[in-house]
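Examination of the molecular architecture
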Amino acid sequence: MVKLTDLNKVFFKDTVNENHVLKGINLEIKKGDFITIIGSNGAGKSTLFNLISGNLECSSGTVHLKNKDITKIKEHKRAKYIGRIFQNPLLGTAGNMSLEDNMIITGSKGFKGLKISLNNKKREQFKTVLRELDMGLEYRLKDNVGLLSGGQRQALTLLMMVLSRPELVLLDEHTAALDPRNAEKVLNLTDNLFKKYDLTGMMITHNMEHAIKYGNRLLMMDKGEIILDVSGKEKDELTVNSLVQKFHDIRSENYINDETLLS
Ligand SMILES: Nc1ncnc2c1ncn2[C@@H]1O[C@H](COP(=O)(O)OP(=O)(O)OP(=O)(O)O)[C@@H](O)[C@H]1O
């Protein structure tokens, strides 16, 4: 589905500030993979997403999506196939537009779609999918999205992204700005949507318990490298302690503690 080959990103090359952020990343993401990514601050997690989504250019290496080399394809073109959600719940939806107008745009993947009339059938379809969120949003189609809570808004963003049928989903700490109860709700929704729509994607999190609980595969990044890639039974058997121990074993560094990985 997605293949990253010898991906490198160097910021400020050939200056005193040169920063080699991603170091020869090789990764194959299979159809249906739900990969959680953990790693310390500055490990390169968001940069990895930026290279996959086309937000940043690779210094070297290639990105393939379904066997097509998309390394040089601009971000707005990749956005048709790659859905990305950020930490900030305000980013994924238009706050000054109603829920139904937001959903029309998603359904037509662009502003041209605004000309599409919203008939009763379409409105019922919206209500049906909103009901999946179990947040009462099916009764609020006319409300501006700006009136929703952060959790409701992030759930809506997630649903809208899924409805646009992306080939790849990138979740960049999408629950980090929510209170624990809403974060749990949105994470469960994420998990359900991955299963229901057979999505393929990756989720960055600083919460090791979430990284272990969700998905079928877990990557640990450190200093621009993927230092651990576990799936299946090995992932199922992980605990926070064993994960920290693995980090010790791989890096053989004594100063590391939970805080470092979680921060
Ligand atoms: N656009 C940019 N220009 C220059 N340097 C950047 C840019 N984006 C990221 N960096 C640098 O790349 C390094 C990795 O940053 P990145 O955001 O990918 O880390 P991360 O693993 O996502 O960290 P965090 O968990 O703190 O979000 C950092 O040193 C950061 O300062």
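Since we're looking at a predicted model, the values are computed, not measured.

Calculation criteria
Residues numbered from 1 in each chain as written. Predicted model: local features only at pLDDT ≥ 70, side-chain atom pairs only at ≥ 80, totals over all residues. Helix = DSSP H or I, 4+ residues; strand = E, 2+ residues; numbered from the N terminus. Rg over C-alpha atoms; globule rule 2.2 N^0.38 Å. Buried ≥ 20, exposed ≤ 12 C-beta atoms within 10 Å, placed from the backbone. Contact = placed C-beta atoms within 7 Å. Pairing = 2+ DSSP bridges. Axes fitted to C-alpha atoms, helices over the stretch in contact; angles between N-to-C directions. Near = placed C-beta within 6 Å. Nonpolar A, V, L, I, M, F, W, Y, C, P; charged D, E, K, R; others polar. pLDDT = per-residue confidence, 0-100.

1. Things to note about the overall build of the protein
Within the protein, the regular secondary structure consists of ten helices and ten strands. For 263 residues, the compact-globule estimate of 2.2 N^0.38 gives 18 Å, and the C-alpha radius of gyration of the protein, at 19 Å, lies within 12% of that figure. Counting only C-alpha atoms, the protein reaches 60 × 40 × 35 Å along its principal axes. Here the protein holds 263 residues, and the buried ones make up 35% of them. Considering only residue pairs separated by 6 or more positions, the protein has 66% of its internal contacts joining residues 24 or more positions apart.

2. Some words on unusual backbone geometry
Backbone phi values are negative for most residues with the exception of glycine, while trans is the configuration of most peptide bonds. For R165, which is not a glycine, the phi torsion comes out positive at approximately 55 degrees. Unusually for a residue other than glycine, K223 sits at a positive phi of about 45 degrees. As for its placement among the helices and strands, K223 is situated in the loop between strand 9 (217-222) and strand 10 (225-231).

3. What to know about the sheet that holds strand 9
Spatially, six strands are ordered 6-7-8-3-9-10 in an open sheet, and the strand pairing comes out mixed. Pairing within the sheet leaves two strands with one partner each, and these edge strands are strand 6 (82-85) and strand 10. Strand-to-strand, the axes of this sheet are offset by a mean angle of 15 degrees, without reference to chain direction. In this sheet, strand 10 lies alongside strand 9 in antiparallel orientation, the contact comprising six bridges.

4. Here's the deal with the site of the ligand
Residues in contact with the ligand, as listed here, are F11, N19, V21, G39, N41, G42, A43, G44, K45, S46 and T47. Elements that contribute at least two residues to the shell around the ligand include exactly strand 2 (19-29) and helix 1 (45-53). It is helix 1 that provides the largest number of residues to the shell around the ligand, a total of three residues. When grouped by side-chain class, the residues that make up the shell around the ligand number three nonpolar, seven polar and one charged.

5. Thoughts on the confidence of the model for the protein
Of all residues in the protein, 91% attain a pLDDT of 70 or more, and the chain-wide mean is 90. Throughout residues 110-114 the model reports pLDDT below 50, and contacts reaching past four residues in sequence, or to other chains, amount to seven contacts. Two summary scores accompany this predicted model of the complex, namely pTM at 0.90 and ipTM at 0.97.

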